[in-house]
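Report on the structure
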Amino acid sequence: MQIFIPLSFTLVAVMIIAVLLYKRWRLCKRKNVRKKESVAKSNENIQLLDRMNIVNKNPSYFMSSRAATNSKKTFVNEIPIERVKILDIVGEGAFGQVFRATDDSQSTPVAVKVLKEGVSNEVREDFQREVEIMSAFDHDNILKLLGVITRVIEETPYMIFEYMSHGDLAEMLRRNDPAMRKNGNDIILQKTDLIDIATQIANGMTYLTSQHFVHRDLATRNCLVGEGLAVKISDFGMARDVYTCDYYRIGGSRMLPVRWMSPESVKYGRFTTESDIWAYGVVLWEIFSFGRQPYYGHSNEEVVRFLDEGILLQRPDECPSTVYHLMLGCWKTNPKDRLLFSRIYSHLVDYSQQIARNTHNMHSSDIDSETEMLT
Ligand code: AMP
C-alpha cells in the first residue's frame, strides 16, 4: 500500500500533465493553421483589391515580392538649382510641363520635368514614385534620371532627365510618315530603322522584366527618341492626361489604354509581364504604321468587343511578314503562350542581321555583274 498509493498518484499526475501538454499542442497547431489561413485570406484580399483598384495604382506596385526584397537602396543625385538654366518648353505631360535646359557642369542639354501647381496628392505621390522608380533603373533603353532639384523642404522636386532631341516616338513616327511627306520631315525612316527602334524597345523591356517590373503602359507615346535614333522607354507615371483619346474609362475612375491592353487586362484588370508583351505587339504595329492609332476608325467599345472576340490588328502595309509574325506571337490569347521579350529581342537581332547580309549580297552581286559587263 505504501508503494502503491504514491505510485498511482504519480501515474495520475503524469497522465494529467500529458493530457494538458497534448491539449496545448493541439491548441498551438490549430492557431498555426488559423494563422496560415488568415495570411492566405489576406493575400487573396490583396489580390482582389489589386484587381479592383488596378486602375488607381502606380506600376511600382507591380514589382513582384522578389523584386521588392531584392531592391537595392538607390540614391538620387541632388543637382544645385543654380547649375540648371531653363531654355524652352518641349512638352506637356500628366504631371506638368517639360523644359529643355542646360546643366552648367555638362555641355549636353537636359530635360526638366516640373510638377504643375495645385495637383492632387495622388498625382504628387505618382510624381514622387516616378523619381523612386526611375532612379532604380540603369539601362541604355530606359530613360535616365540624372538627378533632382529639391527646392523647398516638403515640396515636390524637379526631375532632371537626359534630353531626347526627337521627343516622343509616336509623334516622331507621324512626323516622318513617308506617305505624308511634308517639309517638316526631319528623318527619312528606312525599314531597318524601324526594326532597330523595335529592337531597342524589346531590349529595354527585357531589362525591365529581369528587374521583375511591369510597365503597364507600354506604347510609342511613352518612348522617347534621341540622337542617332536612340530609343528609351519612359513614362513610368502614366501620361494618360495628354493623349486622352488613347485612354478609355471602363467602370473605374481612371482612364485605361484599352487599345494596348491584353484581353485579360481588360476583363480582369490583370497586368503582368505577359500583358506588357501584348502591348509590345501593339507597339510593333504602331512603329510599322508610322504612329497610327491602333484600331483607328473604331470606338473604344468596339475595341473591347474585338478583344473579346479575338479580332486582331491587321498587318500594316509596309510591315514585313517576319515582324507581323512577332506581333501575332505577342497576341496569343493564353498569356503563357506569348513570346518572351528576350526571344523577341533575339528574333529581331537575327532578322536585322539577315537583312544586312542580303543587302551585302545584293551589292556584291551588283558589283560582280558590273565587273562582268566591263570585262
Ligand atoms: P511626359 O510627362 O513624360 O509624358 O512628357 C511629356 C512630353 O514632354 C513628351 O511627350 C515629350 O515630347 C517631352 N519630353 C518628356 N521627357 C523628355 C525628355 N527627356 N527629352 C525630351 N523631351 C521630353
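In case you missed it, the structure is sitting above this.
Because the structure is predicted, anything quoted here is derived from the model rather than measured.

Okay, the overall build of the chain next. For the chain, the count of helices and strands is 10 helices and seven strands. Among the 375 residues that make up the chain, the fraction classed as buried is 42%. Sequence separation of at least 24 residues holds for 62% of the intrachain contacts in the chain that already meet a minimum separation of 6. If you sum the accessible surface of the chain, you get close to 21,300 Å²; carbon and sulfur atoms cover 56% of it.

A few words now on empty space enclosed by the protein. The final tally for this structure, using the stated rule, is one cavity of 30 Å³ or more. Estimates place the volume of the largest cavity at around 70 Å³. Lining the largest cavity, in full, are Arg216, Asp217, Leu218, Pro257, Trp260, Met261, Ser262, Ser265, Phe271, Ser275, Asp276 and Ala279. Looking at the lining of the largest cavity, the element that brings in the most residues is helix α7 (residues 273-288), giving three residues. For the lining of the largest cavity, a count of residues per class yields six nonpolar, three polar and three charged.

The full set close to the ligand counts 16 residues, and Lys113, Glu162, Met164, Asp168 and Asp235 are the nearest of them. Here a nitrogen atom of the ligand and a backbone polar atom of Glu162 are 2.9 Å apart. At a separation of 2.9 Å, a nitrogen atom of the ligand approaches a polar backbone atom of Met164. Considering the ligand on its own, with 480 Å² of exposed area, one finds that the protein chains cover 93% of that surface. At the level of secondary structure, the elements contributing two or more residues to the shell around the ligand comprise β1 (84-92), β3 (109-113) and β5 (158-162). The element contributing the most residues to the shell around the ligand is β1, with three residues. Residues lining the shell around the ligand come from more than one domain, with at least three contributed by each of domain 1 (57-163) and domain 2 (164-351).

About the cut-offs
- Residues numbered from 1 in each chain as written.
- Predicted model: local features only at pLDDT ≥ 70, side-chain atom pairs only at ≥ 80, totals over all residues.
- Heavy atoms only, no water.
- Helix = DSSP H or I, 4+ residues; strand = E, 2+ residues; numbered from the N terminus.
- Buried < 20%, exposed > 50% of the residue type's maximum accessible area, 1.4 Å probe, protein only.
- Contact = heavy atoms within 4.5 Å.
- Areas by Shrake-Rupley, 256 points an atom, 1.4 Å probe, with all protein chains shown as cover.
- 1 Å grid on protein atoms, 1.4 Å probe; cavity = no way out; pocket = protein on both sides within 12 Å on 5 of 7 lines; lining within 4 Å.
- Points joined across faces, edges and corners; volume = space filled by probe spheres on them.
- Nonpolar A, V, L, I, M, F, W, Y, C, P; charged D, E, K, R; others polar.
- Near = heavy atom within 4 Å.
- Polar contact = N/O pair within 3.5 Å; in protein donor to acceptor, adjacent residues only side chain to side chain.
- Domains from an automatic or database assignment.

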